[in-house]
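Letter by letter, the chains look like this.
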Amino acid sequence: MTTQLLIYETAVPVSSGRHGKCAVEAGKGYAFARKLNSVPLMAVEFPQAAPEYAVVFAQSGDDVVPVVILGARQNENLYLSSDDAWQAKYIPAFIRRYPFVFSPSADGKTFTLCVDEAFQGLNYMGRGQALFDAEGKHTPYVDNVLKFLQEYRTQFLRTQAFCKKLKELDLLEPMQAQFTLGTGEKMSLTGFLVVDRKRLKALSAETLHQLAATDELELIYLHLQSMLNFNTVKNRLIETQVVTPSVPAVVAPEATEETTEASDIPVKTGKRAGASSTTKAS
């Protein structure tokens, strides 16, 4: 299973033969995201996500992807309450599309609708939204799911193009974040990328005009402004009163990294973000 399916335990193609009598009951909470400390974000989501999350970039193979920070440690989502409710106004589309997902063919030209059969809201007792009608055809609910996933795919491609431009313009740099908990314990986190303001300001007027014309300059500034939300992650971490990680991660050997200590910022991304953390008690 690919990293983009990291929250899916048993994703199988949706079919009338297998799911003809299946229904999906919403309102079961977000327990499936309990161990996610970062999730991918589409560029179109920046305006809604930036006020509440730290939006950074991470290396995913040869590509760069935007991600939102959800926790400061491995297997930790600080945006999830004890009763599995999401504690933010905006919920990333990566989370909202669950338990459905597209599975691409080997050539990447066709996509199959899949559902995670491990989702606790999936049932054969008629609770919630049916997937198929009596004739074995998709219900309007499934049609809406397909539209959502098709739009997600479209936005994914647009986000790829945006990130490719950031790389071509050499605007991204590795960043290390440090913060101190109330106990004196210090955490250092690496493995994520941010836009360098100096490099951005050094771009030619023509390039800046092109970025502004495509609204990509706005996305960049939304990303930079969202850095303030690292303090939100820190505050949520302190509120949990959990100050010692069970499994410390290994710091990735970055060649050159800048360090920010301005606001004692915590950030620890997951698989897709590739961030690492170390802790030290003072």
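Up top you'll find the structure we're talking about.
Residues numbered from 1 in each chain as written. Predicted model: local features only at pLDDT ≥ 70, side-chain atom pairs only at ≥ 80, totals over all residues. Heavy atoms only, no water.

Mind showing me how you'd approach the overall build of the protein here?
Check the secondary structure of the protein and you find 8 helices and 13 strands. Residue burial in the protein is summarised as follows: out of 282 residues, 47% are buried. Taking the intrachain contacts of the protein between residues at least 6 apart in sequence as the baseline, contacts between residues at least 24 apart amount to 75%. (Helix = DSSP H or I, 4+ residues; strand = E, 2+ residues; numbered from the N terminus. Buried < 20%, exposed > 50% of the residue type's maximum accessible area, 1.4 Å probe, protein only. Contact = heavy atoms within 4.5 Å.)

What is the right way to look at the sheet that holds strand β8 (residues 122-123) in this model?
The strands that make up a sheet pair up through hydrogen bonds in the backbone, lying either parallel or antiparallel. Across the sheet, which stays open at both edges, the 3 strands sit in the order β8-β2-β9 with antiparallel pairing between neighbours. Of all strands in the sheet, those bounded by a partner on one side alone are β8 and β9 (129-130). (Pairing = 2+ DSSP bridges.)

Honestly, the packing of helix α4 (residues 140-168) against helix α7 (residues 216-226) in this entry has me stumped. Any pointers?
The relative placement of two packed helices comes down to the angle between their axes together with the axis-to-axis distance. One can describe the packing of α4 onto α7 by two numbers: an axis separation of 11 Å at closest approach and a directional angle of 80°. Between α4 and α7, the interaxial angle falls into the category roughly perpendicular. In contact with Phe162, Lys165 and Leu166 of α4, α7 contributes Glu216, Leu219 and Ile220. Counted by class, the contact of α4 with α7 contains 4 nonpolar, no polar and 2 charged residues. (Axes fitted to C-alpha atoms, helices over the stretch in contact; angles between N-to-C directions. Parallel < 35°, antiparallel > 145°, perpendicular 65-115°, else oblique. Nonpolar A, V, L, I, M, F, W, Y, C, P; charged D, E, K, R; others polar.)

Could you clarify how one ought to interpret the side chain of Asn123 in this entry?
With respect to the helices and strands, Asn123 occurs in strand β8. Here Asn123 falls in the buried class, since its relative accessible area comes to 3%. A polar contact of 3.2 Å, which involves the side chain of Asn123, links it to the backbone nitrogen of Gly126. Here Asn123 is in contact with Lys21, Cys22, Ala23 and Glu25, once residues within four sequence places are set aside. (Polar contact = N/O pair within 3.5 Å; in protein donor to acceptor, adjacent residues only side chain to side chain.)

Honestly, the sheet that holds strand β7 (residues 111-116) in this entry has me stumped. Any pointers?
Pairing within the open sheet is antiparallel, and its 3 strands lie in the order β1-β7-β6. Since the sheet does not close on itself, it has two edges, and those belong to β1 (11-13) and β6 (100-104), each with one partner. Each adjacent strand pair in this sheet contributes to an overall mean axis angle of 45°, direction not counted. Running at roughly 60° to β6, α4 makes contact with β6 and β7 of the sheet.

Explanation requested: helix α8 (residues 230-240) in the structure shown.
Residue pairs spaced three or four apart in an α-helix point in one direction, given the helix's 3.6 residues per turn. Within α8, burial applies to Phe230, Val233, Lys234, Arg236 and Leu237. What you see down the axis of α8 is that its buried residues fit within an arc of 165°, all on one side. (Arc of directions from axis to C-beta.)

I would appreciate a short explanation of the nonpolar core in the present structure.
If you look at soluble globular proteins, the nonpolar side chains tend to sit buried side by side. Counting residues in each nonpolar core, the largest one holds 76 residues, and the members touching the most others are Tyr53, Phe57, Trp86, Phe100, Leu113, Phe162 and Ile220. Ranked by residue count, the leading element in this core is α4, at 8 residues. The contacts of Ile220, once residues within four sequence positions are left out, are Phe162, Leu166, Leu171, Val195, Leu200 and Leu211. (Core = buried A, V, L, I, M, F, W, Y, C linked by side-chain atoms within 4.5 Å.)

What is the right way to look at the pattern of salt bridges in this model?
Opposite charge on two side chains allows them to pair when their charged atoms are near. The tally for this structure, following the rule as stated, stands at 7 salt bridges. Residues Asp170 and Arg199 are paired through a salt bridge, measuring 3.6 Å at the closest nitrogen-oxygen approach. Here the residue Asp170 occupies a position in the loop between α4 and β10 (172-180), and Arg199 occupies one in helix α5 (residues 197-201), the gap between them amounting to 29 residues. For Asp170, a relative accessible area of 48% translates into the label partly exposed. (Salt bridge = Lys/Arg side-chain N within 4 Å of Asp/Glu carboxyl O.)

Before we go on, may I ask you to explain the packing of aromatic side chains in this structure?
Inspection of the entire model under this criterion finds 12 aromatic pairs. Measuring from centroid to centroid gives 5.5 Å for Tyr98 and Phe119, while their planes differ by 90°, and the two rings are edge-to-face. In this pair, Tyr98 sits in the loop between α3 (93-96) and β6 while Phe119 sits in the loop between β7 and β8, placing the two residues 21 residues apart along the sequence. Ring pairing ties together the aromatic residues Tyr8, Tyr30, Phe32, Trp86, Tyr98 and Phe119, which thus form one cluster. Across from the ring centre of Tyr152, 4.6 Å away, lies the NZ or CZ of Arg97, which sits over that ring. A cation sits over an aromatic face here: Arg236 above Tyr79, 4.0 Å from the ring centre. (Phe/Tyr/Trp six-rings, centres within 6.5 Å; stacked < 30°, edge-to-face > 60°. Lys NZ or Arg CZ within 6 Å of the ring centre and 35° of its normal.)

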